[in-house]
Amino acid sequence: MLSRRLFIAAAPLVVIGAPGILRAQSVFRTFPFALGIASGDPSQDGFVIWTRLAPDPLELHGGMAMTPMDVEWEVASDDRFATIVAKGTTVARPEVAHSVHVEVAGLQANRPYWYRFTAGGERSFSGRARTLPAAGAAMDKLKFGVVGCQNYEDGFFGAYNHLAREELDFVFHYGDYIYEWRGSPSSASYFTGRLQVPVRQHAGQLLYDLADYRQRYAQYKTDTDLQRAHAAHSFYPTFDDHEIDNNWVAGISGSGSPAEMFELRRAAALQAWYEHMPVRRANMPRFGTGTFHRTARFGNLAEIQLLDTRSYRSDQACDDGFKPLCEGVHDKTAQVLGAEQEAWLAKNLSSNQARWNCLGQQIMMMSLDRRRAANEDTRIANMDSWAAYEVPRQRMLGRMAGLGNVIVLTGDEHQNFVGDLVHRDKVVGTEIVSTSISSGGDGSDLRYGSEQMMKNNPELKFLNDQRGYVVCEVTPDAWLSHFQVVDQVSTRSNTMKRRATAEVAHGIPGAKMTGLSV
Ligand code: FE
Ligand code: CA
């Protein structure tokens, strides 16, 4: 017997839909939210919620008919969706691979919300997003994740499963969300040249056109550990090189495409990046260009400038690679951020009232001697890092001098590093280099020659070659960066531990390592 009370209680389910009821009316053969959902670019009153309809992720157009389709979205103040605080209908358009980017606004500051989508009679799983504190609000604690470099072939994304279980305000992604390489059942190890067997394979060939990049994002986004991390936290996505082409800068391909051809490739790659990231319309690229640098403000406690170190950079000195320093390293006209972004950054650094200044960026800012053997005579530098752009690097460090509290967050290296940023023999900041989610494979505590690197670079405080991510825990007095590493990425599930913590006291640039464990 169905009591009237129960019937009423059940009635809303017909409207908002229980999965079973919805599925009976589905227009899809398979689950259309196979790429997951995501939230990103939180502000004090909202965030972006994202999904892409792709019932057959690896098929052309994700298996969608090339017609627009309505997608309903809901944001609730509780995880059961008892209280819906915002909802609407948006359109998934074939022009953008049936992705949707809803900029939710008008919410309360500094609290979690839950969101989900409905389309064609099917309901997505739900995700959690978090708004930022009000501008200038007195905050005594910020905790966020730093992630990136997730080569699908190099390892499983188990680290993301751990990240999903952390209590975080948001996650900063430093790029290399995808890798453009072709799929291959075997390859030669980058370090040893020996046979290497990928744990899983990229679908398709080297990426060139829009369909290629879309398929690659779709493949990565079918990873359920990655989906879990997106469903748990709001991300601030940025990009590095592999979203487009290894070591590209501005209009220059890192792999030899002629300039006018590379422009087409970059436009396709950036469109696909936008289609798959929970970012705002303001950061939508148009024909390969756009504005991607922006600021995350966490009350009065911290400001993070999210930088774009690829789009405006001048060509790598010394013809790129790991090389002895050549004359080009001291080129006075060289640019890393480009004049406009650099002026924007200078203004933000000097004018903001936040307790901590942070740069969220991609390439290493320390100028390290990369020699790993004692018998090499000539200093080696990474030309695809700030080290090959000495004039803009010194300008940058000069701006940090006197601020006394700058933390630089970096990716790209596929290793953990902590080091001092030194300007005219004075420590002006601390660089925290976060490892990779999977790129480089299992790794080990120390890569060969690490002792030599520590010896050659007195500014280095910590080196580690395991996979994982960094968690930053910020209070008015201290900035802690915890190095969370996993034992292996060659298996789907793994064990995580805190390898070490870098501690920076406010007003005293330079890190102290604590909690070291091997
Ligand atoms: Fe990478
Ligand atoms: Ca990179």
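Conventions we followed
- Residues numbered from 1 in each chain as written.
- Chains lettered and ligands numbered in written order.
- Predicted model: local features only at pLDDT ≥ 70, side-chain atom pairs only at ≥ 80, totals over all residues.
- Heavy atoms only, no water.
- Donors = N, O, S within 2.8 Å, 3.2 Å for Na, K, Ca; no water.
- Buried < 20%, exposed > 50% of the residue type's maximum accessible area, 1.4 Å probe, protein only.
- Pairing = 2+ DSSP bridges.
- Helix = DSSP H or I, 4+ residues; strand = E, 2+ residues; numbered from the N terminus.
- Contact = heavy atoms within 4.5 Å.
- Axes fitted to C-alpha atoms, helices over the stretch in contact; angles between N-to-C directions.
- Disulfide = S-S within 2.5 Å.
- Tetrahedral: all angles 85-135°; square planar, octahedral: opposite > 155°, others 65-115°.
- Domains from an automatic or database assignment.
- Buried area = accessible area lost by both parts, 1.4 Å probe.
- Salt bridge = Lys/Arg side-chain N within 4 Å of Asp/Glu carboxyl O.
- Polar contact = N/O pair within 3.5 Å; in protein donor to acceptor, adjacent residues only side chain to side chain.
- Core = buried A, V, L, I, M, F, W, Y, C linked by side-chain atoms within 4.5 Å.
- Left-handed = near helix turned anticlockwise from the far one by under 90°.
- Nonpolar A, V, L, I, M, F, W, Y, C, P; charged D, E, K, R; others polar.
- Arc of directions from axis to C-beta.

Section: the coordination of the calcium ion (ligand 2)
Taken together, the protein ligands of the calcium ion (ligand 2) are Asp176 (OD), Asp240 (OD), Asp241 (OD) and Asp412 (OD), with distances of 2.3 to 2.6 Å. As a motif over one chain, the donors of the calcium ion (ligand 2) read D-x63-D-D-x170-D. The distance between the calcium ion (ligand 2) and the iron ion (ligand 1) is 3.7 Å, with aspartate 176 acting as a donor to both metals. Each member of the pair aspartate 240 and aspartate 241 is classed as buried.

Brief notes about the sheet that holds strand β21 (residues 426-433)
With mixed pairing, the eight strands of this open sheet are ordered in space as β14-β15-β17-β19-β21-β20-β23-β22. Every other strand in the sheet has two partners, leaving β14 (294-298) and β22 (443-444) as the edge strands with one partner each. In this sheet, strand β17 (residues 356-360) lies alongside strand β15 (residues 302-306) in parallel orientation, the contact comprising five bridges. The residue bridging glutamine 305 from the neighbouring strand is leucine 359, located in β17. The sheet contacts of helix α7 (residues 339-351) involve β14, β15 and β17, and relative to β15 the element is tilted by about 175 degrees. Across the sheet, helix α8 (residues 390-400) lies against β17, β19 (406-410), β20 (416-423) and β21, angled at about 80 degrees from β20, the strand it touches most.

A closer look at the state of the cysteines
Counted by the stated rule, this structure contains one disulfide. Paired through a disulfide, cysteine 318 and cysteine 326 show a sulfur-sulfur distance of 2.1 Å. Judged by the sign of its S-S torsion, about -95 degrees, the cystine formed by cysteine 318 and cysteine 326 is left-handed. Exposure remark for cysteine 326: the relative accessible area of 26% places this residue in the partly exposed category.

A short note on the coordination of the iron ion (ligand 1)
Octahedral metal centres with six donors ideally show angles of 90 or 180 degrees, and tetrahedral centres with four donors ideally show 109.5 degrees. Protein ligation of the iron ion (ligand 1) involves Cys149 (SG), Asp176 (OD), Tyr179 (OH) and His414 (NE2), the donor distances falling in the range 2.0 to 2.4 Å. In this structure, the iron ion (ligand 1) is surrounded by four donor atoms whose angles at the metal cover 88 to 164 degrees, and the resulting shape is irregular. Written as a sequence motif, the donor arrangement for the iron ion (ligand 1) is C-x26-D-x2-Y-x234-H.

Looking at the domain arrangement of the chain
Domain assignment breaks the chain into domain 1 (37-130) and domain 2 (142-464 + 494-514). The straight-line distance from the C-alpha centre of domain 1 to that of domain 2 is 28 Å. For the pairing of domain 1 and domain 2, the buried interface totals around 2500 Å² over both sides, and the portion due to carbon and sulfur atoms is 48%. At the junction of domain 1 and domain 2, the tally comes to four salt bridges. For the salt bridge of aspartate 41 with arginine 294, the shortest nitrogen-to-oxygen distance reads 2.6 Å. At the junction of domain 1 and domain 2, the tally comes to 19 residue pairs in polar contact (both at pLDDT 80 or more).

Focus on the nonpolar core
Ranked by size, the top nonpolar core spans 70 residues in total, and within it Phe144, Tyr160, Leu163, Leu409 and Trp479 carry the most contacts. It is helix α6 (residues 259-276) that provides the largest number of residues to this core, a total of seven residues. When residues no more than four places from it in sequence are discounted, the contact partners of tryptophan 479 are Phe144, Trp356, Cys358, Ile407, Cys472, Glu473, Val474, Ala502, Glu503 and Val504. Of all hydrophobic cores here, the second largest spans 32 residues; its members include Cys318, Ala334, Leu345 and Leu463.

Quick notes on the packing of helix α4 (residues 210-221) against α6
When two helices pack together, their arrangement is given by the angle between their axes and by how far apart the axes lie. Relative orientation of the contacting elements α4 and α6 amounts to 35 degrees, with a least axis distance of 8 Å. Considering how the two elements wind past one another, α4 and α6 form a crossing that is right-handed. Mapping the contact onto sequence places Leu210, Tyr213, Arg214, Tyr217, Ala218 and Lys221 in α4 and Arg265, Ala268, Ala269, Gln271, Ala272, Trp273, Glu275 and His276 in α6. Counted by class, the contact of α4 with α6 contains eight nonpolar, two polar and four charged residues.

Some thoughts on the pairing of β14
With four of five residues buried, β14 lies mostly within the body of the structure. Across five bridges, β14 lies against β15 in antiparallel orientation. Across the sheet, residue phenylalanine 298 finds its bridge partner in β15, namely alanine 302. A loop of three residues connects β14 with β15, the two strands running antiparallel in sequence, and glycine 299 in this loop sits at a positive phi of about 50 degrees.

Quick word on α8
Of all the positions in α8, only Glu390, Pro392, Arg393, Met396, Leu397 and Met400 are classed as buried. What you see down the axis of α8 is that its buried residues fit within an arc of 165 degrees, all on one side. Those residues of α8 hidden inside the fold are in contact with α7, β17, β19, β20 and β21. Just beyond α8, the residue with positive phi is glycine 402, at close to 95 degrees.

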